[in-house]
Amino acid sequence: MPAQAVAAATPNGTLNGAGGTFPVLGYKAYREELEYPTRATLYQNGWLQQKNLANNYRRRFICTVRMTAANAATFKAFYDARGKTVPFLFRPLREAGTQKVVRFASGWSQSVAFHDRVDIEFSLVEVA
């Protein structure tokens, strides 16, 4: 997956931060992956040429959260205000004392669960 340019490197808001813009999330599923951004070109003769777009890996966080409809509407506003280009702070689940600068890397996906609950799936990619 090619690296995307980010509009600004200054974080705008906090996700899953204590008392931040959007407080602590209740995870239904959480996964971390390491990603090495590359560009691959496949030629007609079958040759494959790859070029690294970064020297180091970056983390990708794939999350599913379950929340009330009211909290889901607040989270949607948080998502809409940032889109896929505005970075913000995120506290990874495994590293309670650290914060990473990330941006959304996926589109909006939600499904309705039982008892007025909403499941939201999203992925984040580390910027810095």
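The following refers to the structure shown.

Analysis parameters
Note that residues are indexed from 1 along each chain, following the sequence as it is written. In view of the model being predicted, local features appear only for residues whose pLDDT reaches at least 70, and side-chain atom pairs are presented and counted only at 80 or more, with totals across whole chains, interfaces and linings using the full set of residues. Excluded from the side-chain calculation are hydrogens and water; included are all heavy atoms of the structure. Helix and strand labels come from DSSP, where a helix needs a run of H or I of at least four residues and a strand needs a run of E of at least two; each type is numbered from the N terminus. The contact definition used throughout considers only heavy atoms, calling two residues in contact when any of these lie within 4.5 Å. Helices are assigned an expected span. That span is 1.5 Å times one less than the residue count. The buried label goes to any residue with under 20% of its type's maximum accessible area, the exposed label to any with over 50%, and the partly exposed label to all in between, with areas taken from a 1.4 Å probe on protein chains only. The arc under discussion is defined with respect to the helix axis, by the directions toward the C-beta atoms. Put simply, buried Ala, Val, Leu, Ile, Met, Phe, Trp, Tyr and Cys residues joined by side-chain atoms within 4.5 Å make one nonpolar core. The rule is short: rings of Phe, Tyr and Trp, with Trp giving its six-membered ring, pair when the centres are within 6.5 Å, and they are stacked under 30 degrees, edge-to-face over 60, tilted in between. Cation placement over rings: the criterion is NZ of Lys or CZ of Arg within 6 Å of the ring centroid and within 35° of the ring normal. Here, patches come from residues exposed beyond 30% relative accessible area and free of salt bridges, joined within 9 Å for like charges and within 5 Å for nonpolar side chains (Val, Leu, Ile, Met, Phe, Trp, Tyr). Here, Shrake-Rupley sampling with a 1.4 Å probe gives the accessible areas, and only protein chains in the shown set may cover a residue. A pairing counts as a salt bridge when a side-chain nitrogen of Lys or Arg comes within 4 Å of a carboxyl oxygen of Asp or Glu.

1. Quick notes on the environment of Phe-75
Following the sequence through the fold, Phe-75 ends up in helix α1 (residues 69-82). In this structure the C-alpha to C-alpha distance between Phe-75 and Leu-25, which are 50 residues apart in sequence, comes to 10.0 Å. Every residue in contact with Phe-75, bar those within four places of it in the chain, is listed here: Leu-15, Phe-22, Leu-25, Met-67, Phe-104, Trp-108, Ile-120 and Phe-122.

2. Some words on α1
A rise of 1.5 Å per residue sets the reference length of α1, with its 14 residues, at 20 Å; its end C-alpha atoms lie 20 Å apart and thus fit the reference within 8%. When α1 is considered as a whole, its buried residues turn out to be Ala-72, Phe-75, Phe-78, Tyr-79 and Arg-82. What you see down the axis of α1 is that its buried residues fit within an arc of 115 degrees, all on one side. Among the exposed residues of α1, those pointing more than 90 degrees away from its buried face are Ala-70 and Ala-81. Packed against the buried residues of α1 are β1 (14-15), β5 (58-68), β6 (88-90), β7 (100-104) and β9 (117-126). Looking one or two residues beyond α1, the residue adopting positive phi is Gly-83, at roughly 60 degrees.

3. Considerations on the nonpolar core
Counting 19 residues, the largest nonpolar core has Leu-15, Phe-75, Phe-122 and Leu-124 as the members making the most contacts within it. Discounting chain neighbours no more than four positions away, the residues touching Leu-124 are Leu-15, Arg-59, Arg-60, Phe-61, Phe-88, Phe-90, Val-102, Arg-103, Phe-104 and Ala-105.

4. Here's the deal with the packing of aromatic side chains
Summed over all chains, the structure comprises 14 aromatic pairs. Note on Phe-75 and Phe-104: the rings are 6.3 Å apart at their centroids and 85 degrees apart in plane angle, and the pair reads as edge-to-face. Of this pair, Phe-75 sits in helix α1 while Phe-104 sits in strand β7, and the two are 29 residues apart along the sequence. Ring centres of Phe-75 and Phe-122 lie 5.2 Å apart, and the angle between their planes is 45 degrees; on these two criteria the pair is classed as tilted. You can see Phe-75 sitting in helix α1 and its partner Phe-122 sitting in strand β9, a full 47 residues away along the chain. Judged by relative accessible area, which is 0%, Phe-75 ranks as buried. The exposure class of Phe-122 is buried, given its relative accessible area of 5%. Members of the aromatic cluster, joined through ring pairs, are Phe-75, Phe-78, Tyr-79, Phe-88, Phe-104, Trp-108 and Phe-122. Looking at Arg-82, its charged tip hangs above the ring of Phe-78, at a distance of 3.9 Å from the centre.

5. Here's the deal with a nonpolar patch on the surface
Together, Leu-34, Tyr-36 and Tyr-57 line one region of the surface with nonpolar side chains, adding up to about 350 Å² of accessible area. Along the chain, Tyr-57 falls in the loop between β4 (48-52) and β5. Looking at Tyr-57, the relative accessible area reads 40%, which means it is partly exposed.

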